[in-house]
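Residues per chain are reported as follows:
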Amino acid sequence: MENRLDAAALEALIVEICAPWVQELGIEVLDLGENGARFVMPATEKILRHRGPNGGLVSGQALMAGSDTVSFLALSYLNGRFRNCVTVDMATNFMRPLPEGNVIFDVKVLSNGKRLATTRIDIMAEGSEKVATTSTGVFAYIEE
Ligand SMILES: CC(C)(COP(=O)(O)OP(=O)(O)OC[C@H]1O[C@@H](n2cnc3c(N)ncnc32)[C@H](O)[C@@H]1OP(=O)(O)O)[C@@H](O)C(=O)NCCC(=O)NCCSC(=O)Cc1ccccc1
């Protein structure tokens with residue numbers, strides 16, 4: 001556990017590595033666990049979808065971007081640093097809508113190998129344990 005990154009270091013990685021619009025998602029660390037971590041994406045106007053027939057929900061596109069982001073953060077937490085990696089696959093199932101509000105991402109690192117890592121991300125409304133969306137991500141380490 002002693003070589004793991006803390007919350008401040010993980011949030012600094014978002015600024016260092018992510019594109020400006022991803023930084024604007026405002027993702028913050030909530031909890032760091034044994035094999036993963038919990039994050040919150042605040043209910044800002046940037047991620048709420050007021051328009052159209054299914055308005056009043058959190059944007060699904062924002063949830064996918066959040067899943068990708070919290071995955072590389074969880075890997076960096078466990079690795080104690082950002083090991084240069086790229087996303088090679090990400091699959092998302094939207095099982096029930098997320099009403100407007102803060103969004104919780106619960107990430108588990110399922111594998112963390114020499115070349116590949118796999119994450120599972122359960123997404124819930126704040127205050128609910130009912131999973132609304134679940135993603136799995138596969139990441140390729142590309143450092144020498
Ligand atoms: C490298 C690999 C994963 C595996 O390659 P392999 O299967 O072993 O095959 P191969 O080696 O043949 O290469 C195939 C092609 O790739 C090219 N290339 C290879 N290496 C490099 C390189 N270092 N730099 C540049 N290009 C490189 C290579 O020239 C070739 O191109 P060509 O055919 O000549 O035109 C490749 O599939 C890939 O780059 N996929 C895109 C991944 C991606 O963009 N994901 C989304 C990004 S979002 C994200 O990551 C989220 C995130 C945010 C923040 C933090 C963390 C995550």
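Residues numbered from 1 in each chain as written. Predicted model: local features only at pLDDT ≥ 70, side-chain atom pairs only at ≥ 80, totals over all residues. Heavy atoms only, no water.

Looking at an unreviewed UniProt entry, one finds the protein chain named PaaI family thioesterase and attributed to Maritalea mediterranea.

S.K.: How should the side chain of Ser59 be read in this particular structure?
M.R.: The topology assignment puts Ser59 in the loop between β4 (57-58) and α3 (60-79). Ser59 gets classed as buried once you look at its relative accessible area, which sits at 13%. There is a polar contact of 3.1 Å between the side chain of Ser59 and the backbone nitrogen of Ala62. (Helix = DSSP H or I, 4+ residues; strand = E, 2+ residues; numbered from the N terminus. Buried < 20%, exposed > 50% of the residue type's maximum accessible area, 1.4 Å probe, protein only. Polar contact = N/O pair within 3.5 Å; in protein donor to acceptor, adjacent residues only side chain to side chain.)

S.K.: Which parts of the structure should I look at to understand the pairing of strand β1 (residues 28-32)?
M.R.: Consecutive side chains of a regular strand alternate in pointing toward one face of the sheet and then the other. Two strands pair when backbone bridges link them, and β1 and strand β2 (residues 36-41) are joined in this way by four bridges, in the antiparallel orientation. Each residue of the ladder has a partner; that of Val29, found in β2, is Phe39. Hairpin connection, β1 to β2: the antiparallel pair is bridged by three residues. (Pairing = 2+ DSSP bridges.)

S.K.: Please clarify how the packing of aromatic side chains should be interpreted in this entry.
M.R.: A ring pair, where both rings are aromatic, is described by two values, the distance of the centres and the angle of the planes. Under the criterion given, the structure shown has one aromatic pair. The residue whose ring lies beneath Arg83 is Tyr141, and the NZ or CZ to ring-centre distance is 3.5 Å. (Phe/Tyr/Trp six-rings, centres within 6.5 Å; stacked < 30°, edge-to-face > 60°. Lys NZ or Arg CZ within 6 Å of the ring centre and 35° of its normal.)

S.K.: Looking at this structure, how should I read helix α1 (residues 7-17)?
M.R.: Every α-helical turn comprises 3.6 residues, leaving residues that sit three or four positions apart pointing alike. Residues of α1 that are buried include every one of Leu10, Leu13 and Ile14, and no others. Around the axis of α1, the buried residues are gathered within 105° of arc, so they sit on the same side. The exposed set on the far side of α1, more than 90 degrees from its buried face, consists of Ala8, Val15 and Glu16. Each element contacted by the buried residues of α1 is listed here: α2 (20-23), β1 and α3. (Arc of directions from axis to C-beta. Contact = heavy atoms within 4.5 Å.)

S.K.: What am I meant to see in the site of the ligand here?
M.R.: As a matter of local geometry, the ligand sits amid Ile17, Asp68, Phe72, Phe82, Cys85, Val86, Thr87, Val88 and Ala140. A distance of 2.8 Å is found between a nitrogen atom of the ligand and a backbone nitrogen or oxygen belonging to Thr87. For the ligand, the protein covers 30% of the area, taking 1100 Å² as the surface of the free molecule. A per-element tally of the shell around the ligand places strand β5 (residues 85-94) first, with four residues. Class assignment for the residues of the shell around the ligand results in seven nonpolar, one polar and one charged. (Near = heavy atom within 4 Å. Areas by Shrake-Rupley, 256 points an atom, 1.4 Å probe, with all protein chains shown as cover. Nonpolar A, V, L, I, M, F, W, Y, C, P; charged D, E, K, R; others polar.)

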